[in-house]
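Spelled out from the first residue to the last, the chains are:
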Amino acid sequence: MTTKQFFVSLAALALPLVSQAKVRLPHLVSDGMVLQQQSEARLWGWDQPGKTVRVSVSWSNEAYTARADRDGKWLVKVKTPKASYTLLSVTFDDGEKTTIKNLLSGEVWVCAGQSNMEMPVGGFYNCPVKDYNNVVAEAAQNKGIRFVKVPSVMRTTPQDDAQCEWKAADANNVADCSAVGYFFARMVNRVADVPVGLILANKGGSRVESWLDEANLKKYTNEELDSAKMVKKFPYDYLRPLLWGNGTFHPILNYTVKGILFYQGCSNVGAPGNEYSDRLKLLVEQWRRDFGQSELPFYFVQIAPYIYGDGADGTSGALLREQQERAASIIPNSALVCTNDLVEPWEGTQIHPHQKQPVGERLAFLALNRDYGFTGLRCESPVYKSMFIEGDTCYVSLDKTYGGVSRYEGIQGFEVAGADKVFHRAVAGHFWVSGQDRRNETIYVTSPEVKQPKYVRYCFRNFELGNLKNCANLPLMPFRTDKDE
């Protein structure tokens, strides 16, 4: 089979069948689904062209109608009730009735990205998730947490459906759910006491370009979109642009959701300049446009420490993390979770660190604080604010500390350099500044090898584990003061 024939056959696999008389629904619109509460939730499907589809719901007397277009497609918006654990149903009638049951109204979040988002509670081969048995055992107590996994498939054209089914995140099924997504959902469910639905649409190893659509790729990138040339350039299919977005993400775009959780970036390590942050911003704009929600929350995860090709002390991974921070600053209604403290010393060559629960929970703290009104939950990591130098010591001011730092001594991860920009390991500790704003804290940084310091870095290497946190026990974001020098 030629490369062209291969991609043509892929595209043919998911063509909707609209010749049948009865309403056909996408797999996402099915038994067990979670509807976004108190919204105009989109429901859609196929029928004979020109056919009228009547939609009735169990929670109200309102009726809705839609007419299938010349391609057999129809879409209707229904008003959904406040979140609860009451089971709901929806009936579609084009002369023959189809009813979907066991529905819930709650909060729906998309889990997107690459393998660290895809990684299930059950782990990958040689990549376990911490406390697996305890997590599964506790899942028996869950109520109202459900998920649907969209198969990771490539397509040359945008697809409207995917083979998938909704499952309850109970002790029998939770092992198949994204670990990061599940721990997010569990925390939101417990704190807000609402059902939570997760739509898992991701692909291990994918680049940000894997999810951009054809128009954006042609306008803003030099990505090769000819299938034969694409295969030649990217023998590993997970690196290919466009195809994963078409096959894995496009089928969910009609769904009404609350927000997007994103964990991706490893495969873009080495991207030059601001390319990654600019393209991530472009992707978020694309998704918000396609979901029809211009301010859709977007919460994403900083790539964890890992020994990339330039070694543990290299900076290729650190530069990508810096790009992720820039992305958070230029994408409205977004926020970044730091994971610098969630890697064990022995996981330098483990691209899938086993501590997934804190990642999901930190994403949940963002959502609960910003979207659900639980402002008592602290959700931001401390960040670098400013620095002054006296003699051989640098004094670094931190912001977003919630009134303090986690330790006064034994602080690890700092380095200092003089004008030569040769960085040396530094001694760091807490320093009291008289009259200092309690929102800020100051850390002294010094090295006996640098008598005239000029620059400071914190965990700005591929694999450097720091231990400084704020009063929310959230880790300091890696940084460098020599960026613009």
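Now for a look at the structure at hand.

For Asn-333, which is not a glycine, the phi torsion comes out positive at approximately 50 degrees. Tracing the backbone through its elements, the reader meets Asn-333 in the loop between helix H9 (316-330) and strand S13 (334-337). With relative accessibility at 24%, the residue Asn-333 sits in the partly exposed group. The residue Cys-459 is not glycine, and still its phi comes out positive at about 50 degrees. Turning to its location among the elements, Cys-459 is positioned in the loop between strand S20 (455-458) and strand S21 (479-480).

This part covers the pattern of salt bridges. Counted under the stated rule, the structure contains 24 salt bridges. Its salt-bridge partner being Arg-326, residue Asp-278 comes within 2.8 Å of it at the nearest N-O pair. Residue Asp-278 is located in helix H8 (residues 275-291), and its partner Arg-326 is located in helix H9; the two are separated by 48 residues in the primary sequence. A residue is classified by how much of its surface remains accessible, and Arg-326, at 23% relative accessible area, is partly exposed.

A separate point is the sheet that holds S21. The strands that make up a sheet are held in pairs by hydrogen bonds between backbone atoms, and each pair lies either parallel or antiparallel. One open sheet holds the four strands; their spatial order is S17-S16-S20-S21, and the pairing between them is antiparallel. A single partner strand is all that each edge strand has here, and the edge strands are strand S17 (424-425) and S21. In this sheet, S21 lies alongside S20 in antiparallel orientation, the contact comprising two bridges. In the sheet register, Tyr-458 faces S21, and the bridge partner there is Phe-479.

Moving on to the pairing of strand S5 (residues 73-79). Across a regular strand the side chains alternate sides, sitting on one face of the sheet and then on the other. Every second residue of S5 is oriented toward a common face, the buried set being Trp-74, Val-76 and Val-78 and the non-buried set Lys-73, Leu-75, Lys-77 and Lys-79. As paired strands, strand S2 (residues 40-46) and S5 are joined by seven bridges and run antiparallel to one another. Pairing of Leu-43 across the sheet is with Val-76, part of S5.

Attention shifts here to the packing of aromatic side chains. Using the criterion set out here, one finds 21 aromatic pairs in the structure. Aromatic side chains Phe-249 and Trp-287 sit 4.2 Å apart centroid to centroid with 10 degrees between the ring planes, which places their arrangement in the stacked category. With Phe-249 in helix H7 (residues 243-249) and Trp-287 in helix H8, this residue pair connects regions lying 38 residues apart in the sequence. Ring plane angle 80 degrees and centroid distance 6.1 Å describe the contact between Phe-249 and Phe-291, whose orientation is recorded as edge-to-face. One end of the pair, Phe-249, is in helix H7; the other, Phe-291, is in helix H8, and 42 residues separate them in sequence. The pair formed by Phe-249 and Phe-291 is uniform in burial state, with each residue classed as buried. Through a chain of ring-to-ring contacts, three or more aromatic side chains come together here, namely Trp-211, Phe-249, Phe-262, Trp-287, Phe-291, Phe-298 and Phe-300. Directly above the aromatic system of Trp-46 lies the positively charged group of Arg-24, at a separation of 4.0 Å from the ring centroid. Taking the ring centre of Tyr-85 as reference, the NZ or CZ of Lys-143 above it sits at 4.4 Å.

Along strand S7 (residues 97-113), 13 of the 17 residues are buried, which leaves the element largely enclosed by surrounding structure. Inspection of the sheet shows strand S6 (residues 84-93) paired to S7 by six bridges, in the antiparallel sense. Bridging across to S7, Thr-91 finds its partner in Thr-99. Hairpin connection, S6 to S7: the antiparallel pair is bridged by three residues, and Gly-95 has positive phi, about 115 degrees. Examined bridge by bridge, S7 and strand S10 (residues 196-202) share seven bridges and lie parallel to one another.

Following the sequence through the fold, Leu-398 ends up in strand S15 (residues 393-399). The exposure class of Leu-398 is buried, given its relative accessible area of 1%. A sequence separation of 278 residues divides Leu-398 from Pro-120, and the C-alpha atoms of the two residues are 35 Å apart.

The rules behind each value
- Residues numbered from 1 in each chain as written.
- Predicted model: local features only at pLDDT ≥ 70, side-chain atom pairs only at ≥ 80, totals over all residues.
- Heavy atoms only, no water.
- Helix = DSSP H or I, 4+ residues; strand = E, 2+ residues; numbered from the N terminus.
- Buried < 20%, exposed > 50% of the residue type's maximum accessible area, 1.4 Å probe, protein only.
- Salt bridge = Lys/Arg side-chain N within 4 Å of Asp/Glu carboxyl O.
- Pairing = 2+ DSSP bridges.
- Phe/Tyr/Trp six-rings, centres within 6.5 Å; stacked < 30°, edge-to-face > 60°.
- Lys NZ or Arg CZ within 6 Å of the ring centre and 35° of its normal.

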